[in-house]
Number of protein chains: 4
Amino acid sequence: MSLRVAVVGASGYAGSEILRLLLGHPAWAEGKLEISALMGASTAGQTVGELMPHLPQIADRAIEPTDVDALRGMDIVFLALPHGHSAEIAQAVGESTLVIDCAADFRLRDSAQWEKYYGGTHAGTWPYGIPEMPGHRAALAATRRVAVPGCFPTGATLALLPAVKAGLIAPEVTITSITGVSGAGKKAAVPFLGSETMGSLKAYNTAGKHRHTPEIAQNLSEYSEDPVTVSFTPVLAPLPRGILTTASAPIQEGVDEDRARAVYEEFCASEPFLHLLPAGQQPQTQCVLGSNMCHLAVEVDEEAGRLLVISAIDNLTKGTAGAAIQCMNLALGWEETAGLPMAAVAP
Amino acid sequence: MSLRVAVVGASGYAGSEILRLLLGHPAWAEGKLEISALMGASTAGQTVGELMPHLPQIADRAIEPTDVDALRGMDIVFLALPHGHSAEIAQAVGESTLVIDCAADFRLRDSAQWEKYYGGTHAGTWPYGIPEMPGHRAALAATRRVAVPGCFPTGATLALLPAVKAGLIAPEVTITSITGVSGAGKKAAVPFLGSETMGSLKAYNTAGKHRHTPEIAQNLSEYSEDPVTVSFTPVLAPLPRGILTTASAPIQEGVDEDRARAVYEEFCASEPFLHLLPAGQQPQTQCVLGSNMCHLAVEVDEEAGRLLVISAIDNLTKGTAGAAIQCMNLALGWEETAGLPMAAVAP
Amino acid sequence: MSLRVAVVGASGYAGSEILRLLLGHPAWAEGKLEISALMGASTAGQTVGELMPHLPQIADRAIEPTDVDALRGMDIVFLALPHGHSAEIAQAVGESTLVIDCAADFRLRDSAQWEKYYGGTHAGTWPYGIPEMPGHRAALAATRRVAVPGCFPTGATLALLPAVKAGLIAPEVTITSITGVSGAGKKAAVPFLGSETMGSLKAYNTAGKHRHTPEIAQNLSEYSEDPVTVSFTPVLAPLPRGILTTASAPIQEGVDEDRARAVYEEFCASEPFLHLLPAGQQPQTQCVLGSNMCHLAVEVDEEAGRLLVISAIDNLTKGTAGAAIQCMNLALGWEETAGLPMAAVAP
Amino acid sequence: MSLRVAVVGASGYAGSEILRLLLGHPAWAEGKLEISALMGASTAGQTVGELMPHLPQIADRAIEPTDVDALRGMDIVFLALPHGHSAEIAQAVGESTLVIDCAADFRLRDSAQWEKYYGGTHAGTWPYGIPEMPGHRAALAATRRVAVPGCFPTGATLALLPAVKAGLIAPEVTITSITGVSGAGKKAAVPFLGSETMGSLKAYNTAGKHRHTPEIAQNLSEYSEDPVTVSFTPVLAPLPRGILTTASAPIQEGVDEDRARAVYEEFCASEPFLHLLPAGQQPQTQCVLGSNMCHLAVEVDEEAGRLLVISAIDNLTKGTAGAAIQCMNLALGWEETAGLPMAAVAP
């Protein structure tokens, strides 16, 4: 008997990327998993063919209005909704349903931070979906509730966590993350028009205002004696997908590049989706396009006294939907890498 | 025992796309097929990691110098070389080896045309790798030699063949095909620099000068009483991958849009990689990115008296490497669609 | 005393490009022309700095609500509004005010065509703002009302008019025009988001449905014995600005490339904004970016029996605002080229 | 009598942008300045029309081989050559000729740094062409030799200099500068192909390896008691032109955003090419495209304890050729802003 899957918010970019990955998942090909419901709000009544013509296999399927009752019979529910809707649905579906939430609702542990950055009441905290964070994989394998991380926190955490954990750096990190425009979602707004974004670069929600700032700080601080302060500058760049994170911090006395590389090599060695590039090579976002990989480079800038780490991810795959599927695989006891491309679509 | 595969010209765009698809092919996952040799000329000695960092699974593999002797033991040889090198290799490897040639050497039937467009001596003609062309699938299933079609001919043929075959149009077609820059290959040249191609549109090899012109004419004429004349205008556009073909021709008396759509519906119905969009919807190249699909729209412009067909393909997938894998599947008696994505990486 | 200029619809792309050109116009630098009013609807109350940060010289100016009474005292009024609003304003401002309308309201001569393509009542016909069309320059110099042409008709007319006028071709033209996304205007809509348009190509309003189709036919038919039928296929491409038009038609008996080039050379010789490229060179949209030029290439495809002409313009400059300024210069008796860049911003 | 100008290295991106600006300079229009010689190496013998089709006014002019003797009679010589060629030419032309060098040869004061980063012998130091640096304008007005700054140092210096000079920050700055691909110049190389750069982001010459690092440090240290250490990370992004610089440093005790903004407001007030955006607005590279402006935003991140400054320039205009013209204007006693656009080509 096949597991019944629902995607709520199916026609947004996160939802449609979850669908793309499910359609390439061996469990779908083998009939162990069926896409039972596609739900949406404003797009209800339209077909996949109209909304997501890149998924021709299910072009005739229609988006239904979001219906919490109908979710009760599901085995797996992916939530790809704006912030604030997940708690109600999660409560309704029952504890045995695997709920994987791509929104921010259950990511933060500190309610004050949640309220400061998102407003409203904090719904709670769920196991956080970066299996590469030491200690998290086991929790994710045992849960029926997953908080999928934000796209920037994924790139920044994977870049800096090994350094923080190994004590290579002082706990004050400076991060500039450059993102493709799909990060802004599939909603009409003048600043995200092609004519406004092609050929242009622009920072936004700078100087601590971006909602992913406390999430990055929470992740890194988990492995640090002292809380990690984060200066985070997101930049919008003219590409559809991809995040390049440039992260640096003052290096601790006596740490050189050999030591830094050794720490990262050890960290990445057993992780299927982390790929440390050879010295001298730099990550490129096109080399992770559509894949679930995070490519990494680590260097020491002796003159400036800083460790520099650069990571590249696809914001919709490892940064959102790929992480969701990776966590699904873990929670179901399947091969963690099943259905998750390692090769990217390049050039 | 697994089949031994070699890719010659492995580090170019066609070669690396063949590798991407092989790494996602179930036969590779199941051990029925092994990537035994990666060969190249100028890149010999370098690793996949250096040359194609988007394929981390085989990052440590090295490119070897092209060695015809070493190819003798292979079961399958993909040739992704410049024109003119295939005949010699094909002769050397023996008749039982499946040779799939992505160059133009064996595409044309008319030696005079070959010499006019490519220069030198015509090497011969092999079964032509568009299985969707009526009559070709059986030939491709029975051969050990395949001439993979050019990227533009793929988009243009799939757009117009149903109309030609059904006699919907007069045999004088006008085609403007707009392509991403990977079509120019991975060789350094000023006109293909990012600074020259981003933000710009430019036609090239116009007015019958493009080498794909006779190939398109050959394909369409195969299904026409009278030879089809082709006005072909290729345009370079600022995207990495994708070809949008706009094709039109004078419509025959009495043909209306219903009739035209019926012809295309019937043609596409049994073809897994042809997707006729509903009336009113237009193909987008991003909706076939990385997939082996060809999306199609067909319309009648009553006022102008012309049939208009628009197709979208990924020039490196259905336009080259995807077709190569599709032909491999056929020749080996495997599922034709095995390892070939239908869902695209969008947005 | 300086002339008082108003721009109505100042914050859209046409309006802001008019402003850019006015700020670079010698008459503005010399104080012969002042930008007296910037009007808008939804943006009223906002500053130029907020809406058009690329115009820092007037960053502090505010957009006022559109006020027909306030326009009465103006010497020059540029209308950059959606279709349907121009007649009322034109009537109100008085006959001595130079009104230059970038909308479609007064472009077509055939009311039935206007009603078919735009709906509603046809407001009338004004002198049509392509001074390069034989006979139009004098009319434009003598008028106080100008209908600025559409962007596609500008590129298509300048490409084909010389051929039509000289009888080089049969009156049945096939045009594929590829445009940057600013052509869609500055209004929020999902299909024009950066994530939907970058990396993608898509035709739209095909098979006679685009509103610029009858305008192209009208322009070409003006120089033809028989009415010219137009098959027009617009394509959206991933660049902010620029239109590349590929246009072809059956060539008349006995016309060869020398004859065709001679016709175009003669036509372009005295036109400051038409630049016929040497044989073998192709127009590039980046080479007209921000300029008022139209670059042209003309060829004969002997095998297909067609004349091929390719033109490149900047849709916002020669395609809209540049034409508006060129017509202003003519109507005021100023140097026609004043304030209109010939050099483009490339690469 | 008009001044005779030569551009050496005319067909590269710096050279052609100098030409674009000269063609728009009032002195050229008024005949006070003539473009007397265009010189090049590999492109000698080709026409401007072939090499720089965006400059149709001088399409028929040919590039001559670089000839030091022929430069002797010039009043103004722009050098747009690779590093290492300027000294010889400068010596040959005589002291009364205004030589404006876009290469790095004369930028650095510290010979050891020059040799470390560029190799070979340090040729000397010339007045450095950022007139906005306090003290430099007078020197530039009095010189016949100008070292035009690097593009990254321009963006970084204008971002941080006010803060350093006013003592707002500790002298340890972290800079990530994201650049368009024209920064790599007009030379054929695989990593800068459109297919490699579109849709991708990639850092390069990181961790102190970029040659502009010591130049930034030199500029900032000029206004600091203690030498400023610079962590500099350049990133290549998919746009033709533009540099967005994100720069931050630990803020000094007691400095808040009001104080920081006041410092920047005062600094920018009298500078025609510096435009401090209102609080809450961020620079966009498209808003400086083709203009000589630098747009700036300054903020304090209280939580991270850092000052954040973001600047946008066009790397070829304010970052190279615009600065060269600005310095020419100063040296000739002309209006500093003559011929330098303030309005940008947007969108």
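Residues numbered from 1 in each chain as written. Chains lettered and ligands numbered in written order. Predicted model: local features only at pLDDT ≥ 70, side-chain atom pairs only at ≥ 80, totals over all residues. Heavy atoms only, no water.

### Thoughts on the overall build of chain A
What counts is decided by this rule: Under the DSSP-based scheme used, a helix requires at least four consecutive residues in state H or I and a strand at least two consecutive residues in state E, with every element numbered from the N terminus. We compute the radius of gyration over the C-alpha atoms and compare it with the globule rule, which gives 2.2 Å times the number of residues raised to the power 0.38. Three exposure classes are used, based on accessible area relative to the maximum for each residue type with a 1.4 Å probe and protein chains only: buried under 20%, partly exposed in between, and exposed over 50%. When checking whether two residues touch, look at their non-hydrogen atoms; a contact exists if any pair is within 4.5 Å. Calculation of accessible area relied on Shrake-Rupley with a 1.4 Å probe; when residues are assessed, cover is drawn exclusively from the protein chains displayed. Charge counting treats Lys and Arg as positive and Asp and Glu as negative, with His and both chain ends excluded. For charged residues, the charge sits on one atom: NZ in Lys, CZ in Arg, CG in Asp, CD in Glu.
Regarding its fold elements, chain A presents twelve helices and 13 strands. For 347 residues, the compact-globule estimate of 2.2 N^0.38 gives 20 Å, and the C-alpha radius of gyration of chain A, at 20 Å, lies within 12% of that figure. Counting the 347 residues in chain A, one finds 67% classified as buried. Relative to all contacts within chain A whose residues are 6 or more apart in sequence, the contacts with residues 24 or more apart total 70%. Surface exposure of chain A reaches about 10900 Å², of which carbon and sulfur atoms provide 50%. Between the averaged position of the 22 positive side-chain charges in chain A and that of its 36 negative side-chain charges there is a distance of 5 Å.

### What to know about the relation of the copies chain C and chain A
Going by this rule: Alignment of copies: least-squares fit on C-alpha atoms of residues with pLDDT of at least 70 in both copies.
Mapping chain C onto chain A leaves a residual RMSD of 0.0 Å; the transformation is a rotation of 180 degrees accompanied by 0.0 Å of translation along its axis. Between the two chains, the operation in question is that of a two-fold axis. Comparing interface residues between copies, 100% of those in chain C also sit at the interface in chain A, which points to an isologous, same-surface contact.

### Observations concerning unusual backbone geometry
In most cases, non-glycine residues show a negative phi, while peptide bonds are predominantly trans. With an omega of 0 degrees, the peptide bond running from Ala346(B) to Pro347(B) counts as cis. By the element assignment, Pro347(B) lies in the segment after helix H12 (317–332). Here Asn205(A), not a glycine, exhibits a phi torsion of approximately 45 degrees, which is positive. The topology assignment puts Asn205(A) in the loop between strand S8 (202–203) and helix H10 (212–221).

### Looking at the relation of the copies chain B and chain C
With an RMSD of 0.0 Å, the operation that places chain B on chain C is a rotation of 180 degrees combined with a shift of 0.0 Å along the axis. Most of the interface of chain B is mirrored in chain C: 100% of its interface residues are interface residues there too.

### Points about H10(A)
Residues and elements named next belong to chain A. Among the ten residues in H10, nine count as buried, and that is most of the element. Turning to H10, its buried residues number three or more, namely His212, Thr213, Pro214, Glu215, Ile216, Ala217, Gln218, Asn219 and Leu220. Turning to H10, the residues buried within the fold contact helix H6 (111–118), helix H8 (151–165), strand S7 (172–179) and strand S9 (229–236).

### Describing the confidence of the model for chain A
Rules: Scored from 0 to 100, pLDDT records how confident the predictor is in each individual residue.
With 100% of its residues at a pLDDT of at least 70, chain A reaches an overall mean of 97. Predicted as a complex, the structure gets a pTM of 0.97 and an ipTM equal to 0.96.

### Considerations on the interface of chain B and chain C
The cut-off we apply is this: Each of two parts loses accessible area, computed with a 1.4 Å probe, when they are put together; buried area is these two losses added. Salt bridge, as used here: a side-chain nitrogen of Lys or Arg that lies within 4 Å of a carboxyl oxygen of Asp or Glu. Two N or O atoms count as a polar contact when they lie within 3.5 Å, although within protein this holds only if one can serve as hydrogen donor and the other as acceptor, and sequence-adjacent residues are included solely when both atoms are side-chain atoms.
The interface of chain B with chain C comprises 42 residues on the first partner and 43 residues on the second. Between chain B and chain C lies a buried interface of about 3500 Å² when both sides are counted; carbon and sulfur atoms form 54% of it. It is Leu201(B), Ala207(B) and Gln286(B) in chain B that bury the most area against chain C; as a group they hold 16% of the surface buried on that side. One salt bridge connects Glu303(C) with Lys116(B), and the closest N-O pair in it is separated by 3.1 Å. Remark: the boundary between chain B and chain C carries 16 residue pairs in polar contact (both at pLDDT 80 or more). Broken down by secondary-structure element, the contributors of at least two residues to the side of chain B that touches chain C are helix H6 (111–118), strand S7 (172–179), helix H9 (194–197), strand S8 (202–203), strand S9 (229–236), strand S10 (243–250), strand S12 (294–301) and strand S13 (306–313) of chain B.

### As for the interface of chain C and chain A
This is how the line gets drawn: Under this grouping Gly is polar, as are all residues other than the nonpolar Ala, Val, Leu, Ile, Met, Phe, Trp, Tyr, Cys and Pro and the charged Asp, Glu, Lys and Arg.
Contact residues are listed per partner, giving 19 residues for chain C and 19 residues for chain A. A combined buried area of about 1500 Å² lies between chain C and chain A, and 71% of that area is made up of carbon and sulfur atoms. Among the residues of chain C in contact with chain A, Leu193(C), Ser195(C) and Met198(C) are the three that bury the most area, contributing 39% of the side total. The interface formed by chain C and chain A holds zero salt bridges in total. Applying the counting rule to chain C against chain A returns six residue pairs in polar contact (both at pLDDT 80 or more). Broken down by element, the side of chain C that touches chain A gets its largest block of residues, four residues, from helix H9 (residues 194–197) of chain C. Residues of the side of chain C that touches chain A, tallied by class, amount to eleven nonpolar, five polar and three charged.

### Observations regarding the sheet that holds strand S6 (residues 145–147) of chain C
Residue and element names in this part refer to chain C. Our working definition: Strands are treated as partners if at least two bridges between them are detected by DSSP. Each axis is a line fitted through C-alpha atoms, and for a helix only the stretch in contact is used; angles between axes span 0 to 180 degrees, taken between their N-to-C directions.
Taken in spatial order, the six strands of this open sheet run S3-S2-S1-S4-S5-S6, and their pairing is parallel. Looking at strand neighbours, the two that pair on one side only are strand S3 (64–65) and S6, the edges of this open sheet. Of the pairings in the sheet, the one linking strand S2 (residues 33–40) to S3 comprises two bridges and is parallel in character. Looking at S3, one finds that Met39 is bridged to Glu64. Here helix H12 (residues 317–332) sits on the sheet and contacts strand S1 (3–8), S2, strand S4 (76–79), strand S5 (98–101) and S6; the angle it forms with S5, its principal contact strand, is near 160 degrees.

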